[in-house]
Amino acid sequence: MKSSFGKLYLIPTTLGDNEPLEVLPISVKSIVENTKTFIVENEKTARRFIKRISPETVQSSLEMYHLNKFTESSDLPSFLEPCLNGVNVGLLSEAGCPSVADPGSDVVKIAHQQGIQVVPLVGPSSILLALMSSGMNGQGFTFNGYLPIDKSERKQELKRLERLSFDYNQSQIFIETPYRNNKMLEDICSALHKNTMVCVACDITLPTEFIRTKPASAWLKNTEDLHKRPSIFIIHKS
């Protein structure tokens, strides 16, 4: 790493609309206050977060690069040019930790290639918090991202993950678009063995937080509405 380069800070955010310092250490506030260049997924929400954690920051002084599905991969190296000129850059997640189930890993890869120091900051990861609170195997687990949208393909994938869980004693973690959460839970109940353990963790760190682990058959009587609530699903068959 070249000492003349700026650093790339991986800045976590809250998982919902709670006060940043309820879930983030004061060190994150300090880094945000002293950073003027950011790589963000959504500029509006990024500016709102910065305003909440650092009200004194002058918004007009901030420079923001947009990293989303419309960003060309050829544009990414230019996002790190400030680092090459000695300026620190913050990669700001939309929710939780950057680069984990979140855009940003390609930027981090380029930073390593260019000899720029990458500094991950402490903050909430819904994936790890869900696993911690599930009672399932935290020594062996896999995060699978989103499952197929097609109902039959999704059920086949659920059964495949259930087999992997049994064969390798792994907790299988996945997510769903919030407005399809209730349908996902229905498919879990219909596709999996009745004794397979299922954890549903939603609204993690929020006042409405809901985390439960019980057999698939017990979820058939679920009364908790998961609609539009950010959720993590974990299954384990033993």
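Up top you'll find the structure we're talking about.
Before going into details, it helps to say that this report is about the structure given with it.

About the criteria used
Residues take numbers from 1 onward in each chain, read along the sequence in its written order. Where local features are concerned, this predicted model is filtered to residues with pLDDT of at least 70; where side-chain atom pairs are given and counted, the filter is 80 or more; whole-chain, interface and lining totals use all residues. In computing side-chain values, all of the structure's heavy atoms are included and hydrogens and water are not. Where helices and strands are cited, they refer to DSSP runs of H or I of at least four residues and of E of at least two residues respectively, numbered from the N terminus. For each residue, the accessible area found with a 1.4 Å probe, counting protein chains only, is set against the maximum for its type, and the residue is called buried under 20%, exposed over 50%, and partly exposed in between. Residue contacts are counted whenever heavy atoms from the two residues lie within 4.5 Å of one another. The Shrake-Rupley method, run with a 1.4 Å probe sphere, supplies the accessible areas, and residue values consider only the shown protein chains as cover. Nine residue types can take part in a nonpolar core, namely buried Ala, Val, Leu, Ile, Met, Phe, Trp, Tyr and Cys, and a core is a set of them joined through side-chain atoms within 4.5 Å. Here the term patch refers to residues with relative accessible area over 30% and no salt bridge, with like charges joined within 9 Å and nonpolar side chains (Val, Leu, Ile, Met, Phe, Trp, Tyr) within 5 Å. Salt-bridge detection follows one rule: a side-chain nitrogen of Lys or Arg within 4 Å of a carboxyl oxygen of Asp or Glu. Throughout, the protein atoms alone are placed on a 1 Å grid, and a set of points is a cavity if a 1.4 Å probe fits but cannot get out or a pocket if it is open with protein on both sides within 12 Å along at least five of seven lines; lining residues have an atom within 4 Å of a point. Grid points are joined across faces, edges and corners, and a volume is the space filled by probe spheres set on the points. Residues are grouped as follows: nonpolar covers Ala, Val, Leu, Ile, Met, Phe, Trp, Tyr, Cys and Pro; charged covers Asp, Glu, Lys and Arg; every other residue, Gly included, is treated as polar.

### A word on the overall build of the protein chain
- When helices and strands are tallied, the protein chain shows 9 helices and 10 strands.
- Dimensions along the principal axes, computed over C-alpha positions, put the protein chain at roughly 60 × 35 × 30 Å.
- Evaluated residue by residue, the protein chain yields a buried proportion of 46% over its 238 residues.
- Of the contacts made within the protein chain by residues no fewer than 6 positions apart, 74% connect residues no fewer than 24 positions apart.
- Total accessible area computed for the protein chain in this model is approximately 12400 Å², and 51% of it derives from carbon and sulfur atoms.

### Considering the nonpolar core
- One finds Phe 174, Ile 188 and Val 198 to be the most contacted residues of the largest nonpolar core, which totals 19 residues.
- At 5 residues, helix 9 (residues 181–191) tops the list of elements feeding residues into this core.
- With 18 residues, the next largest nonpolar core counts Leu 10, Val 108, Ala 111 and Ile 116 among its residues.

### So, a nonpolar patch on the surface
- A cluster of nonpolar side chains, contributed by Leu 128, Met 132 and Phe 141, occupies part of the molecular surface with about 320 Å² of accessible area.
- Counting through the fold element by element, Leu 128 comes out in helix 7 (residues 126–134).
- By relative accessible area, Leu 128 is classed as partly exposed at 44%.

### Side note on empty space enclosed by the protein
- Considering all chains together, one arrives at 1 cavity of 30 Å³ or more under this definition.
- Of the voids in this model, the largest cavity is the one considered here, and its volume is about 40 Å³.
- Forming the walls of the largest cavity are Ile 39, Val 40, Glu 41, Leu 67, Leu 91, Leu 92, Asp 102 and Pro 103.
- Class assignment of the residues belonging to the lining of the largest cavity gives a composition of 6 nonpolar, no polar and 2 charged.

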